[in-house]
Amino acid sequence: MKGKAIVLAAILLLCSSVVLADNFGTKKRMPRPEEFGNVIINNYSTKNNIAPVVFKHWIHRAKYTCRVCHVDLGFAMEAGGSDIKEADNRNHLYCGSCHNGKDAFGPTTRDKLVSEVQNCDRCHSYGKDVKGQKDFNEYLKGYPPARFGNRVDWMKAEEKGLIKLKDAVEGISIKRQDIPRPKDFEIKSTILGMPDIIFSHKIHADINGCELCHPEIFGAKKGVTKYNMQDIFAGKYCGACHSKVAFPFYDCQLCHLKEVY
Amino acid sequence: MRQPTVPLARTLIALLLLLLGVAGCANNGSETVRGSEFDDMWSMPALPPPAQYGNVLISRLTRSSTHPPVVFSHWVHRRFFTCRVCHFELNFELKTNKTEITEAKIRKGEYCGACHNTKIAFGINDSTCRICHSGNLAAPDARFSELKDFPKALYGDKINWVKALKRGLIKPQQSILDENYQSIPFSEGLKLDSEWVLAKTRAVFPHQKHIEWLDCADCHPDIFNIQKKGTKHFRMDNINRGLFCGVCHLTVAFPVQDCKRCHPDLR
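1. Things to note about the overall build of chain B
Step number 1: For chain B, the count of helices and strands is nine helices and four strands.
Step number 2: The N-to-C order of helical and strand elements in chain B reads α-β-β-α-α-α-α-α-β-β-α-α-α.
Step number 3: Of all 267 residues assigned to chain B, the portion counted as buried reaches 22%.

2. Section: the overall build of chain A
Step number 1: A tally of regular secondary structure across chain A gives ten helices and seven strands.
Step number 2: With respect to the principal axes defined by its C-alpha atoms, chain A has extents near 75 × 65 × 35 Å.
Step number 3: The buried share of chain A, reckoned over its 261 residues, is 16%.
Step number 4: Contacts in chain A between residues at least 24 apart in sequence constitute 48% of all its contacts with a sequence separation of at least 6.

3. Remarks on the nonpolar core
Step number 1: In terms of nonpolar packing, the biggest core is built from 15 residues, with I223, I239, L243, F244, V247, C248 and A253 of chain B touching the most fellow members.
Step number 2: Counting residues in hydrophobic clusters, the runner-up holds nine residues, among them W154, C241, V245 and A246 of chain A.

4. A look at the environment of Q174 of chain B
Residues and elements named next belong to chain B.
Step number 1: Looking at where Q174 falls in the secondary structure, it is placed in the loop between α6 (161–166) and β3 (189–192).
Step number 2: Looking at Q174, the number of C-beta atoms within 10 Å reads 18, which means it is partly exposed.
Step number 3: When the C-alpha atoms of Q174 and V252 are compared, they prove to be 18 Å apart, with 78 residues separating the residues in sequence.
Step number 4: Once you skip the residues sitting within four places of it in the chain, Q174 turns out to touch T82 and Y181.

5. Some points on unusual backbone geometry
Step number 1: Following H214 of chain A, the chain continues to P215 of chain A via a peptide bond in cis, the omega torsion being 0°.
Step number 2: Following H220 of chain B, the chain continues to P221 of chain B via a peptide bond in cis, the omega torsion being -5°.
Step number 3: Positive phi, close to 65°, is recorded for H92 of chain A, a residue that is not glycine.
Step number 4: As for its placement among the helices and strands, H92 of chain A is situated in the loop between α4 (86–90) and β3 (108–110).
Step number 5: One non-glycine residue with positive phi stands out, namely Y94 of chain A, at about 45°.
Step number 6: One can find Y94 of chain A in the loop between α4 and β3.

6. Digging into the sheet that holds strand β5 (residues 185–187) of chain A
Residues and elements named next belong to chain A.
Step number 1: If you walk across this open sheet you meet the three strands as β5-β6-β7, and the pairing is antiparallel. Looking at strand neighbours, the two that pair on one side only are β5 and β7 (256–258), the edges of this open sheet. Each strand of the sheet is rotated relative to its neighbour by a mean of 60°, with strand direction disregarded.
Step number 2: Across two bridges, strand β6 (residues 196–199) lies against β7 in antiparallel orientation. Bridge pairing in β7 places I197 opposite H256.

7. Things to note about the confidence of the model for chain B
Close inspection of predicted coordinates is inappropriate in any region flagged by low pLDDT.
Step number 1: Of the residues in chain B, 85% reach a pLDDT of 70 or more, and the chain-wide mean stands at 86.
Step number 2: Across residues 1–6 of chain B the pLDDT falls below 50, and counting only partners more than four positions away or on other chains, this stretch makes zero contacts in the model.

8. Brief notes about the confidence of the model for chain A
Residues and elements named next belong to chain A.
Step number 1: Residues of chain A with pLDDT of at least 70 account for 90%, and the chain-wide mean is 88.
Step number 2: Mean pLDDT per element in chain A: helix α1 (residues 2–19) is the minimum at 51, and helix α2 (residues 57–61) is the maximum at 97.
Step number 3: Across residues 12–21, confidence stays below pLDDT 50; counting only partners more than four residues off in sequence or on other chains, it has eleven contacts.

Each value, and the rule that gives it
- Residues numbered from 1 in each chain as written.
- Chains lettered and ligands numbered in written order.
- Predicted model: local features only at pLDDT ≥ 70, side-chain atom pairs only at ≥ 80, totals over all residues.
- Helix = DSSP H or I, 4+ residues; strand = E, 2+ residues; numbered from the N terminus.
- Buried ≥ 20, exposed ≤ 12 C-beta atoms within 10 Å, placed from the backbone.
- Contact = placed C-beta atoms within 7 Å.
- Core = buried A, V, L, I, M, F, W, Y, C linked by C-beta atoms within 7 Å.
- Pairing = 2+ DSSP bridges.
- Axes fitted to C-alpha atoms, helices over the stretch in contact; angles between N-to-C directions.
- pLDDT = per-residue confidence, 0-100.

This is the structure in structure tokens:
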């Protein structure tokens, strides 16, 4: 009997493994421009009967550098990785560093007519039809276009002076002396005919500082960290940003730009 | 000491049950379950008349309204734009009715509205509704004669689009967002060995001919992993089910019936 039970278990396991096989050979859905970079944070929300938070990268990156949140405020690079609690925000950590009622809206807003307005819905908006303070299409109208992601060329927008990114949060960021930017360098492609990559330290360091990438994502010495395109597709290395928030890896020629003859 | 017959019987029962289990799994109709590769290798989907090959009936929202569905004809559009323009830059999905098109979005300049705005192509107004909302897959047939001088192919719409492009009969726009768009100069031709031993059925894949129409990321990494050995279940039966090459080569690009264009050694 015991033997049969084991056999049955084996069959069930086999069937389920076949049924659960991953979706292969099909194209995944591309996010819409206003969805790209949106992150759903749900560590405690559902457990506490409140809608999960939808964090919109696009509205925040139009005002701050990546470094501010991901280094100075200590936000993780994965949704839910920071384990943010409401108490943290009320203690001026994480979102609460700015969303304190002074720099940006806090949990409540004082109103002349009504004494207090609850602002919970503005962030805890997943699955709700919450109209944001700023409409994506209205806000980014006239910004230089890009092919993918938010369909906004954020680098050009900054060059043109359409956005001015703050690199510090008052009272939290501590200014250190600037380290000179290392030179741009080439990354040789391992496939014949594939153009080499030119990596610009300047472009990256201006918005990320050094700390966001080194030493965890990339070792400090060139050539030490071995990675390939597969890893990047899987969200590692360059893919840590360039699959979710920075221009997506669909836009091959933005990195693979050194012409091959 | 144990009797040797008991474990043997058990093993036999186990094997039998296992086989039954596998067969049961294969037939339960789930989308990702694949049966024997030989079952479906030759079951190529039937082809419509040439003028209707690549025509798509879009009924995602019209189904629940009184408006007739939209008929979209690929051969009308692919003369003027490469695949990547719609299937990447304009966010059109590769499966019918999966794209979240609404009239409001079109009027805002998204999806069809990127061109159908009276500037590039006819705009939306009361007199033009019926051009697209015809509900009849044969509606664009009358214009098919515009393609009569194009190089011929054996199947599908019976037009060799690769040759038409090469001869300069069509000059499809590469990108509508980037005027200076240039595709990556990656022209490696792949030779994919068949798993068959007795017949020579090696498949060829020219990157060059595909990047004239498509972006790298149209296929990589979702449909094809960039490593040959990393692309699992890449078989003819799955292609016939609309996976891998079948994403395009059953409905729009030349159909799988045209075996020799990929398997030149096949006789």
